[in-house]
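In case you want the letters, here they are:
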Amino acid sequence: MKQYFLEVLRDTPEGKRESEKSLMECVDYFVDINTGKQTIYQCIDLVEECKKRNGEPMEALDYKDEYLRRLMKEIEYRIRGIEDGTIDPLEYTVPGSLDILRKLKERGVKIYVASGTDEEFARHEADILGVSEIVEHHVYGAQRDYKSFSKKMVIEQIIRDYHLQRYELVGFGDGFVEIENVSEIGGFAVGVATNEKEHDGTVDEWKRERLIRAGANIIIPDFQESERLIQYLFEEV
C-alpha cells in the first residue's frame, strides 16, 4: 500500500519537487493512523494529500480498487498454496490464535470477526485459514458503501443482540481503531502487539505504545499462552 501511495504522490506537480523522505513520512502517517479502519479511509486521505500537491486525483474508490488489484497479485500464491495444501495456514495466523478461538467457543463464548478488509476477501481468508467454522461464520468486513459498516457498528450490534452489559464484551486486536472502540464502550480490550518481523514471541514496542494509547487493558505478544489468558479474562471480566 505505502509504495503505491508513494507513487501516486510522487506523480503530482508538487510531489515531483518534494523529497522522497518527506513524501514517505506523509504516507507513513496517514496509512498508520487509519490502520484498523476500512481501506477506503486511507484512500480518502490519499486524495486529500494529492490535492494539497496540486494533483488531480481519482476517486478514493478507484485508488482502493487499484490497491486491491495489486495486493491480490502479490498474495495470490499464498492463497492458492493454502487452498491446495502446499502452504500450512498456520504460517499466516498469529501463534495460538486458532487454539484460543476453539477454547473460547468451548466455553460458550460468541465470537465475531470484524475486519477493515472487504467482506468477500475477509470471509474467504477466514474460510481457508480455518476460522469461519470456529466463529460460526460471524465474519464481517468492509462494504462498497463504506458508511454502512464499521467495527464500532459490529460492536454495538453484538451488545444489542446478546443484551450484554458493556463490561461483558472482550475485544482482541492489533489496530488502534478496534481497541479504541472496545475501550470507549467500557469493554475489555486486549491489545495484540505481535512482533511480525522477528517472529520470536516478543512484543513490538511501537504497537504496544500505540495500543496502550488506544485504551488497551492488557498487552500480549500472541496467543501461545491461551489457557492462561482465558483464565485471566474469566476472572477479570
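Residues numbered from 1 in each chain as written. Predicted model: local features only at pLDDT ≥ 70, side-chain atom pairs only at ≥ 80, totals over all residues. Heavy atoms only, no water.

**Concerning the nonpolar core**
What counts is decided by this rule: The definition of a nonpolar core used throughout is a set of buried Ala, Val, Leu, Ile, Met, Phe, Trp, Tyr and Cys residues joined through side-chain atoms within 4.5 Å. The cut-offs for exposure are 20% and 50% of the maximum accessible area for each residue type, with area from a 1.4 Å probe on protein chains only; residues under the lower value are buried, those over the upper are exposed, and the others partly exposed. Secondary structure elements follow DSSP: runs of H or I no shorter than four residues count as helices, runs of E no shorter than two count as strands, and numbering proceeds from the N terminus. Note on contacts: a residue pair is in contact if any heavy atoms of the two residues lie within 4.5 Å.
Formed by 26 residues in total, the largest nonpolar core has its most connected members in V131, I220 and L229. If you list the elements that add at least two residues to this core, you get α4 (60-84), α5 (97-106), α6 (119-128), β4 (188-192), β5 (218-220) and α10 (226-236). Filtering out sequence-adjacent residues up to four positions away, V131 remains in contact with L98, L101, V113 and A126. Grouped together as the second largest cluster of nonpolar side chains are 20 residues, Y4, V8, Y63 and Y67 included.

**Some thoughts on the pairing of strand β1 (residues 113-118)**
Selection criterion: At least two DSSP bridges between two strands are required for those strands to pair. Crossover handedness is defined here as right-handed if the route from the first strand over the helix to the second strand goes clockwise, with the strands pointing away from the viewer.
In terms of strand pairing, β1 meets strand β2 (residues 139-142) through three bridges, oriented parallel. The residue of β2 that forms the bridge with V113 is V139. Following the backbone out of β1, through α6 and into the adjacent parallel β2, one traces a crossover that is right-handed.

**Observations concerning the environment of K37**
Along the chain, the position of K37 falls in the loop between α2 (20-33) and α3 (39-52). For the pair K37 and E178, spaced 141 residues apart in sequence, the C-alpha to C-alpha distance is 8.3 Å. Residues in contact with K37, not counting those within four places in the same chain, are G116 and V177.

**Comments concerning the pattern of salt bridges**
Worth spelling out the cut-off: Salt bridge criterion: a side-chain nitrogen from Lys or Arg within 4 Å of a carboxyl oxygen from Asp or Glu.
What the rule picks out here adds up to 25 salt bridges. For R70, the salt bridge identified is with E7, shortest N-O distance 3.2 Å. Taken as a pair, R70 in helix α4 and E7 in helix α1 (residues 2-10) lie far apart in primary sequence, 63 residues in all. Two residues, R80 and E76, come together in a salt bridge whose shortest N-O distance is 2.8 Å.

**Focus on the confidence of the model for the protein**
The condition that has to hold: How sure the predictor is of each residue is captured by pLDDT, a score from 0 to 100.
In this model, the protein carries a mean pLDDT of 94, and residues with pLDDT of at least 70 account for 99%. Mean pLDDT across the elements of the protein bottoms out in α10 (91) and peaks in β5 (98).

**Overview of the packing of α1 against α4**
Heads up, the condition is: All axes here are fitted lines through C-alpha atoms, helices being fitted over the stretch that makes contact, and every angle between N-to-C directions spans 0 to 180 degrees. Put simply, angles under 35 degrees are roughly parallel, angles over 145 are roughly antiparallel, angles from 65 to 115 are roughly perpendicular, and the rest are oblique. We call a crossing left-handed when the near helix sits turned anticlockwise from the far one by less than a right angle, and right-handed when that turn is clockwise. Any residue that is not Ala, Val, Leu, Ile, Met, Phe, Trp, Tyr, Cys, Pro, Asp, Glu, Lys or Arg is counted as polar, Gly included; the first ten are nonpolar and the last four charged.
In contact at an axis separation of 10 Å, α1 and α4 are set at 135 degrees when each is read in the N-to-C sense. It follows that α1 is oblique to α4 by the angle criterion. As for the relative orientation of α1 and α4, their crossing is right-handed in sense. Facing α1, whose interface residues are Y4, E7 and V8, α4 presents Y63, E66, Y67 and R70. When the residues that make up the contact of α1 with α4 are grouped by side-chain class, the tally is four nonpolar, no polar and three charged.

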